[in-house]
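# Examining the three-dimensional arrangement
Chain by chain, the residues:
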Amino acid sequence: MKRTGFIIVMVGLMSLIAGLFSQQWLNAKQQTMTAPEFHFPDTHGVDHSSDEWKGKVLIINFWATWCPPCREEIPEFIKLQAELKEKGVQFIGIAVEDADPVKDYMAFVDFNYPVLVGGDDASMLAMKMGNVLNTLPFSVVIDQSNKVVHTQMGVFSRDQIMEVVRPLIGRGS
């Protein structure tokens, strides 16, 4: 019994160390990662490219209508977009599903930032940007020089956003 307990503790400790190491590695990697280019249509079928927002601080949020935490953070994103737009910050929602449920959802939510529909291709883009666990919501902050400076698995709170974005506001490319 004691030996089994010891093995369980050691496996847990090794898992913790491996998790911390991989998190440090991912953070170091994202500091130098150039954001990949993308283009997806909006809910009206109009194609949009990442080039449209060059030189801005981008907060890209990968989400889905069926994801309760995704829907939870959207009202705060809408408020922050209104507050930070004049400071060069642009939120972009990229749905990882088909257009119809997104259109239905948007009928009840007054988005003030672009919402694109990416389906499976959006999931692949999120993985390229660091979403190794394929979780939703997933957000990425990109600076004015197109470098990924932060990734967030799960809900991205106002305080967390401001902590990341504040040093970038007003900084040139």
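Structure report, in brief.

Conventions adopted
- Residues numbered from 1 in each chain as written.
- Predicted model: local features only at pLDDT ≥ 70, side-chain atom pairs only at ≥ 80, totals over all residues.
- Heavy atoms only, no water.
- Disulfide = S-S within 2.5 Å.
- Core = buried A, V, L, I, M, F, W, Y, C linked by side-chain atoms within 4.5 Å.
- Buried < 20%, exposed > 50% of the residue type's maximum accessible area, 1.4 Å probe, protein only.
- Helix = DSSP H or I, 4+ residues; strand = E, 2+ residues; numbered from the N terminus.
- Contact = heavy atoms within 4.5 Å.
- Pairing = 2+ DSSP bridges.
- Axes fitted to C-alpha atoms, helices over the stretch in contact; angles between N-to-C directions.
- Left-handed = near helix turned anticlockwise from the far one by under 90°.
- Nonpolar A, V, L, I, M, F, W, Y, C, P; charged D, E, K, R; others polar.

Next up on the list: the state of the cysteines. Taken as a whole, this structure holds 1 disulfide when the rule is applied. Note that Cys67 is cross-linked by a disulfide to Cys70, the S-S spacing being 2.4 Å. Classification of the bridge connecting Cys67 and Cys70 rests on its S-S torsion, roughly 80 degrees, and on that basis the disulfide is right-handed.

Counting residues in hydrophobic clusters, the biggest one holds 47 residues, and the most contacted among them are Phe38, Ile60, Phe62, Trp63, Ile94 and Met129. The set of elements that each furnish at least two residues to this core consists of strand E3 (57-63), helix H2 (68-84), strand E4 (89-95), helix H3 (99-106), strand E5 (115-117), helix H4 (119-128), strand E6 (138-142) and helix H5 (158-165). Ignoring sequence-local partners within four residues, the contact set of Phe38 consists of His48, Ser49, Ser50, Trp53, Ile60, Ile92, Ile94, Leu116 and Leu125.

All right, on to the sheet that holds E4 then. The 5 strands are arranged E5-E4-E3-E6-E7 in an open sheet whose pairing can be described as mixed. Sheet topology places E5 and strand E7 (148-153) at the edges, where each strand pairs with a single neighbour. Across the sheet, the mean angle separating the axes of adjacent strands is 20 degrees when strand polarity is ignored. The pairing of E4 with E5 spans 3 bridges and is parallel. Residue Gly93 lies in a different strand from E5, and its bridge partner there is Val115. Lying on the sheet, H4 is in contact with E3, E4, E5 and E6; it crosses E4 at an angle near 125 degrees.

Moving on, we come to the environment of Met129. Within the secondary structure, Met129 is located in the loop between H4 and E6. By relative accessible area, Met129 is classed as buried at 1%. Separated by 10 residues in sequence, Met129 and Ser139 have C-alpha atoms that sit 9.3 Å apart. Not counting residues within four places of it along the chain, the set of residues in contact with Met129 comprises Met33, Ala35, Pro36, Ile60, Phe62, Phe138, Val140, Ile142 and Thr151.

For the rest of this paragraph, the subject is the packing of H2 against H5. One way to put it is that H2 packs onto H5 with a least axis distance of 11 Å and a crossing angle of 35 degrees. For H2 against H5, the interelement crossing comes out right-handed. Note on element contacts: H5 touches H2 through Arg158, Ile161, Met162 and Val165, opposite Glu76, Phe77, Leu80, Glu83 and Leu84. Classifying every residue of the contact of H2 with H5 gives 6 nonpolar, no polar and 3 charged.

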